[in-house]
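Observations on chain architecture
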Amino acid sequence: METVVLPEDQKIFSMQELKGRGLSQYKISKLVNMGKLIKLNKSYFENVNYCGEESDFYYVEAYAPKGVICLLSAASYYNLTTYIPDAVDVAIPRKAKMSTIPDWPPMKVHYYTNDRHDIGVITVKEGKNEFQIYNIEKTVVDIVYYRENVGIEETKEILITYLRKNNRNLNRLIKYAELMKCEKVMRQYLEVLV
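Below, the structure is looked at part by part. Quick caveat, the model's predicted, so the values are computed rather than measured.

Quick notes on the rules
- All residue numbers refer to positions counted from 1 along the written sequence of the respective chain.
- Owing to the predicted nature of the model, reporting of local features is limited to residues with pLDDT of at least 70; listing and counting of side-chain atom pairs is limited to 80 or more, with chain, interface and lining totals taken over all residues.
- Where side-chain values are given, they derive from all heavy atoms of the structure, hydrogens and water being excluded.
- Any two of the Phe, Tyr and Trp rings considered here, Trp counted by its six-membered ring, make a pair once their centres fall within 6.5 Å; the pair's planes then place it as stacked at under 30 degrees, edge-to-face at over 60, or tilted in between.
- We count a stretch as a helix when DSSP gives it H or I for four or more residues in a row; a strand needs E for two or more, and each element gets its number in order from the N terminus.
- When a residue's accessible area, from a 1.4 Å probe over protein chains only, is under 20% of the maximum for its type it is buried; when over 50% it is exposed; and in between it is partly exposed.
- Whether two residues are in contact is decided by their heavy atoms: any pair within 4.5 Å suffices.
- By this definition, two strands are paired if DSSP reports at least two bridges between them.
- To obtain each axis, a line is fitted to C-alpha atoms, and for helices this fit is confined to the stretch in contact; angles are then taken between N-to-C directions over 0 to 180 degrees.

Enumeration according to the criterion identifies nine aromatic pairs in this entry. When the ring of Tyr 77 is compared with that of Phe 131, the centres are 5.7 Å apart and the planes differ by 90 degrees; the resulting orientation is edge-to-face. Pair noted here: Tyr 77 is in helix 4 (residues 71-77) and Phe 131 is in strand 8 (residues 129-134), with a separation of 54 residues, a long-range link. Taking relative accessible area as the criterion, Phe 131 reaches 4% and is therefore assigned buried. Ring geometry for Tyr 112 and Tyr 134: centres 6.1 Å apart, planes at 15 degrees, overall stacked. Here Tyr 112, found in strand 6 (residues 107-112), pairs with Tyr 134, found in strand 8; they are 22 residues apart in sequence, far enough to count as distant.

The structure is reproduced here in structure tokens:
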């Protein structure tokens, strides 16, 4: 078998991507047997020779193809909290299924209605790696909406940190709060904190 060189700047490959690079099922299996790829599930593989910045977020697409980084994981990504989540918070549509929840990285799945799931999603590209995450305003609105599960102190810290940001967008924040049916609570928080 001729030498197959996978780019060292990409952590996760889909079966489709590998086949698009001209690799047959047989060659992919050989790369797994040689220890160059780790099979995550039937559709995704991890590149053992990856040399870039590590992020648990890169694995989300492999296990939850419609998954979006949310809640405390998103708040942590935006430096809104000092709390470090012990699992990656992932939102998936209520009717979606995850084939397997991995042992590593640990993932905490949150089922969102389609309306809540589809609003405020952005794609972050880091080199050849990418993941979907809610924008900062949608993250703050979700934190306020789920404040009982997130924790009142964490919610307060996240809101205060957000309000200190120069690039905050209060109009977008209120618009999302209206769409997510928590405008009243959001306005109460803002009155106290602003």
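Residue placement: Val 90 occurs in strand 5 (residues 88-93). Considering only alpha carbons, one finds Val 90 and Gly 127, 37 residues apart in sequence, at a separation of 22 Å. Among all residues touching Val 90, those that are not within four sequence positions of it are Val 60, Ala 64, Gly 67, Val 68, Cys 70, Met 107, Lys 108, Val 109 and His 110.

It is worth spelling out unusual backbone geometry at this point. Of note in the backbone geometry, Asn 79 takes a positive phi value of approximately 60 degrees without being a glycine. Along the chain, the position of Asn 79 falls in the loop between helix 4 and strand 5. Residue Lys 181 is not a glycine yet carries a positive backbone phi of 60 degrees. Along the chain, the position of Lys 181 falls in the loop between helix 9 (170-179) and helix 10 (183-193).

For the rest of this paragraph, the subject is the pairing of strand 7 (residues 121-126). In this structure, strand 7 lies alongside strand 8, joined through six bridges in antiparallel fashion. By the bridge assignment, Lys 125 is partnered in strand 8 with Glu 130. In textbook terms, the turn of a hairpin is the stretch between consecutive antiparallel strands, and for strand 7 and strand 8 this stretch comprises two residues, one of which, Gly 127, has a positive phi near 65 degrees.

Before going further, it helps to spend a moment on the sheet that holds strand 3 (residues 44-47). The three strands are arranged 1-3-2 in an open sheet whose pairing can be described as antiparallel. Each edge of the sheet is formed by a strand with only one pairing partner; in this case those strands are strand 1 (12-14) and strand 2 (37-39). This sheet shows a mean twist of 30 degrees between the axes of neighbouring strands, independent of strand direction. Where strand 2 and strand 3 come together, three bridges link them in antiparallel fashion. Among the inter-strand pairings, Lys 39 is bridged to a residue of strand 3, identified as Phe 45.

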